[in-house]
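Spelled out, the chains give:
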Amino acid sequence: RKWSLCTSASVPLTSRAMQLSSPLSFAEVFRRVQAGEEVPGLQELDVRPCHSAPTVSRLSRVSKPWEKGSETSQIPTKPVHIQFLPSTCALPPRIRGCHRSEGYDRGSRWSWRKPSTLPSGGTNPTGLLQDGQSGRRCSHWRH
Amino acid sequence: MATFRSPGRHGYAVEVSPFLPSLLACAASQHYGIAGSGTLFVLEQEEAGVSLVTSFDWNDGLFDVTWSENNEHVLVTGGGDGTVQLWDTANPQGPLQVLKEHTQEVYSVDWSQTRAETLVVSGSWDHTAKVWDPERPHSLSTLQGHEGVIYSTIWSPHIPGCFASASGDGTLRVWDMKAGVCRLVIPAHQAEILTCDWCKYDQNVVVTGSVDCSLCVWDLRNVRQHVARLTGHSYAIRRVKFSPFHHSVLASCSYDFTVRLWDFAGSEPLLETLEHHTEFVCGLDFNLHVPNQAVLTPTL
C-alpha cells in the first residue's frame, strides 16, 4: 500500500518554537557553536512537567507478530517508505562521515573522524565545508 | 512515498505505535541537535499522506522515542539535557513526568517488550544505562561497565529483565537487570557501535551496526565469530532494526543517506537500497501491524 505525497504546505506550524527556527546549514550551526557565537533562532524554553496521571488506556495490548508465531515466508522486497524532511529553504550541505559523540566542548554533540579512519569517497569526508567554500576543515578531530 | 516536513526540526528517531497501525512518533531536534530545543511529533498516516496529530516542545534536543506497551497514549523520550520525559498524547500541558538522573545526553530509550514487566531503559553519554518504572520518580537500577558513551539500549523481546547496549567503546553488552550485572561483553567492532537490535524469532541473535560501516549478526551462544557480516553502507550505520515478520530480515540506515534492507541468511544478503534521502538518515522502524510497510525514516 503506497501513501501519497504529503507536502509541507499541509503541515501546520503548531508551536512558537517551530516558527522561530532559522534555516541555517549544519555547517554554519556547528561553526557558530564551536566558536561560541550566537545561533539565530535558538530557543531557551522552560517546559516543566505537569505531574499528571496519564489518560486511562482504552485499548488492550496487541500481540506482536512473533508472539503469534506469524513469521512470513516471503521477504518484503518493496517496503513502503515514509520520509521526514526538515522544512527549510535549502537542505544542509552534505557532510559525510560524521556521527554523534561526546562534544569537544559544551554544546557540541558531533565529531569527525580523521581522514585515515573515514570511508573513502564523498565530496568532503574530512570536515566541514561552508556552502560555496572549499578547504575549510573542522579543527576538532576526535582521536 | 509520503513526506512529512517538520519546520526547523531534524528527525532523530521514529517509532510506530504498538496499538494503532496508523500512528507514529518522531523525536526531533532544533539545529540538527547541536543546539536548541526539541520537539516530539505524533503523526498519523492517512490515505492523503502523513498528518500531524500533535506536537510537544522540550527544552533540549530529543534523540529517541519509545511508545508505552500498556497505554496507547503514553510515550517516552530521551533528551540532550540528560532527562527522560513521559508524555501523554491526550494531554497538551507538557510532559507528565521528567526523570533526571543521567548527567549527560540520553541517546536511547526503550520500553520493555515482554509481558512480564513494565520497564523503560535509558542509555546515556554518561556511560550508564538506567532502568525505570515509569510510575516511579527514581530509577530502579543504574548499570555501569561501558567505557564509552552508550548509543543504544534495547530490551530483549523474549527474556524478561534482559537488554542489550551498544557503545562507543566498541562493545555490545547484554545485561541482566534483575541481578544488576552484565552477563556478556562482545567486542563486536573495532569502532564505535551506534546501534543494536534483537532478532524477534531467536532469543539468542542480535545485530550491531557501527561506524566501520558494517552490520554484524551475533549468536550469543558463541560470540567468538559473528554469524554474518553485512557490508555495503559507505558511512556510519546509525540504526538497525530486525523485521517483526521474518527471522533473518533487517533494515539499516546510515549517514550515507541510504536505507538498506537485508536478509542475513540469504546468499545475496542485500535485498534493496532506498536512496530517497539527501541527508543523514538517523532512524527507522517497521510497522508491527502491516507486513509490507517496512521502513520509516527521519532525516537530519
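Given the structure is predicted, the values throughout are model-derived calculations rather than measurements.

Caption draft 1: Expanded view of the sheet that holds strand 8 (residues 83-88) of chain B. Residues and elements named next belong to chain B. The four strands lie next to each other as 6-7-8-9, forming an open sheet whose pairing is antiparallel. Because the sheet does not close on itself, it has two edges, and the strands there are strand 6 (62-67) and strand 9 (97-100). Taking each pair of neighbouring strands and ignoring which way they run, the sheet shows an average axis angle of 20 degrees. Two strands pair when backbone bridges link them, and strand 8 and strand 9 are joined in this way by four bridges, in the antiparallel orientation. From the neighbouring strand, Val84 faces strand 9, where its bridge partner is Leu99.

Caption draft 2: Quick peek at helix 2 (residues 26-35) of chain A. All names here are of chain A. Among the ten residues of helix 2, eight are classified as buried, and the element is accordingly described as predominantly covered. Taken residue by residue, helix 2 has Phe26, Ala27, Glu28, Val29, Phe30, Arg32, Val33 and Gln34 as its buried positions. Trailing helix 2 by a residue or two, Gly36 shows a phi angle of about 75 degrees, which is positive.

Caption draft 3: Just the confidence of the model for chain A, in detail. Residue and element names in this part refer to chain A. For chain A, the average pLDDT comes to 53, and 32% of its residues sit at 70 or higher. The spread of mean pLDDT over the elements of chain A runs between strand 3 (residues 110-112), the lowest at 40, and helix 3 (residues 65-68), the highest at 88. Confidence drops under a pLDDT of 50 for residues 1-21, and excluding neighbours within four residues, the segment shows 50 contacts in the predicted structure. Across residues 87-143, confidence stays below pLDDT 50; counting only partners more than four residues off in sequence or on other chains, it has 155 contacts.

Caption draft 4: Just the packing of aromatic side chains, in detail. Residue and element names in this part refer to chain B. Under the criterion given, the structure shown has eleven aromatic pairs over all chains. Seen from their ring centres, Phe63 and Tyr107 are 5.5 Å apart, and the 50 degrees between their planes marks the pair as tilted. Of this pair, Phe63 sits in strand 6 while Tyr107 sits in strand 10 (residues 106-111), and the two are 44 residues apart along the sequence. Residue Phe63 is classed as buried on the basis of its relative accessible area, which comes to 0%.

Caption draft 5: Spatial organisation of the sheet that holds strand 10 of chain B. All names here are of chain B. Taking strand neighbours across the sheet as the criterion, the four strands line up as 10-11-12-13 in an open arrangement whose pairing is antiparallel. The open sheet terminates on both sides in strands that have one partner only, identified here as strand 10 and strand 13 (141-144). Each neighbouring strand pair of the sheet contributes to a mean axis angle of 20 degrees, computed without reference to strand direction. Note: strand 10 against strand 11 (residues 120-124), five bridges, orientation antiparallel. Each residue of the ladder has a partner; that of Asp110, found in strand 11, is Val121.

Caption draft 6: Examining the pairing of strand 12 (residues 128-132) of chain B more closely. Residues and elements named next belong to chain B. The buried fraction of strand 12 amounts to five of the five residues, a majority that puts the element mostly inside the structure. Burial along strand 12 is two-sided: Thr128, Lys130 and Trp132 and Ala129 and Val131, pointing in opposite directions, are all buried. One ladder, built from four bridges, connects strand 11 with strand 12; its direction is antiparallel. Looking at strand 12, one finds that Val121 is bridged to Val131.

Caption draft 7: Region of the structure containing the layout of surface pockets. Within this model, the second largest pocket holds a volume of roughly 290 Å³. What lines the second largest pocket is a set of 18 residues, and nearest its centre among them are Pro54 of chain A together with Val74, Leu86, Pro134 and Glu135 of chain B. Partitioned by chemical class, the residues of the lining of the second largest pocket number nine nonpolar, six polar and three charged.

Caption draft 8: Region of interest: the state of the cysteines. Applying the stated rule across the entire model yields zero disulfides over all chains. Summary of cysteine pairing: Cys253 of chain B is not part of a disulfide, and the nearest cysteine sulfur, belonging to Cys282 of chain B, is at 6.9 Å.

Caption draft 9: A look at the pattern of salt bridges. In this structure the tally under the stated criterion is 14 salt bridges over all chains. Between Arg239 of chain B and Asp64 of chain B there is a salt bridge, with the nearest N and O atoms lying 3.6 Å from each other. With Arg239 of chain B in strand 22 (residues 237-242) and Asp64 of chain B in strand 6, this pair connects stretches of sequence that are 175 residues apart. Each member of the pair, Arg239 of chain B as well as Asp64 of chain B, is classed as buried. It is possible to trace a salt-bridge network through shared partners that takes in Glu28, Arg31, Arg32 and Glu37 of chain A.

Caption draft 10: Main features of the UniProt feature "repeat: WD" (unreviewed entry) in chain B. Residues and elements named next belong to chain B. As annotated in UniProt, the feature "repeat: WD" (unreviewed entry) corresponds to residues 65-88, 99-142, 143-180, 186-228 and 230-272 in the numbering used here. Helix makes up 0% of residues 65-88 and strand 62%, whereas the separation of the span's terminal C-alpha atoms amounts to 13 Å. Between the C-alpha atoms that bound residues 143-180 the distance is 7 Å, and the span itself is 0% helix and 50% strand.

Cut-offs applied
Residues numbered from 1 in each chain as written. Chains lettered and ligands numbered in written order. Predicted model: local features only at pLDDT ≥ 70, side-chain atom pairs only at ≥ 80, totals over all residues. Heavy atoms only, no water. Pairing = 2+ DSSP bridges. Helix = DSSP H or I, 4+ residues; strand = E, 2+ residues; numbered from the N terminus. Axes fitted to C-alpha atoms, helices over the stretch in contact; angles between N-to-C directions. Buried < 20%, exposed > 50% of the residue type's maximum accessible area, 1.4 Å probe, protein only. pLDDT = per-residue confidence, 0-100. Contact = heavy atoms within 4.5 Å. Phe/Tyr/Trp six-rings, centres within 6.5 Å; stacked < 30°, edge-to-face > 60°. 1 Å grid on protein atoms, 1.4 Å probe; cavity = no way out; pocket = protein on both sides within 12 Å on 5 of 7 lines; lining within 4 Å. Points joined across faces, edges and corners; volume = space filled by probe spheres on them. Nonpolar A, V, L, I, M, F, W, Y, C, P; charged D, E, K, R; others polar. Disulfide = S-S within 2.5 Å. Salt bridge = Lys/Arg side-chain N within 4 Å of Asp/Glu carboxyl O. UniProt positions renumbered as here; feature names shortened; annotations may be inferred.

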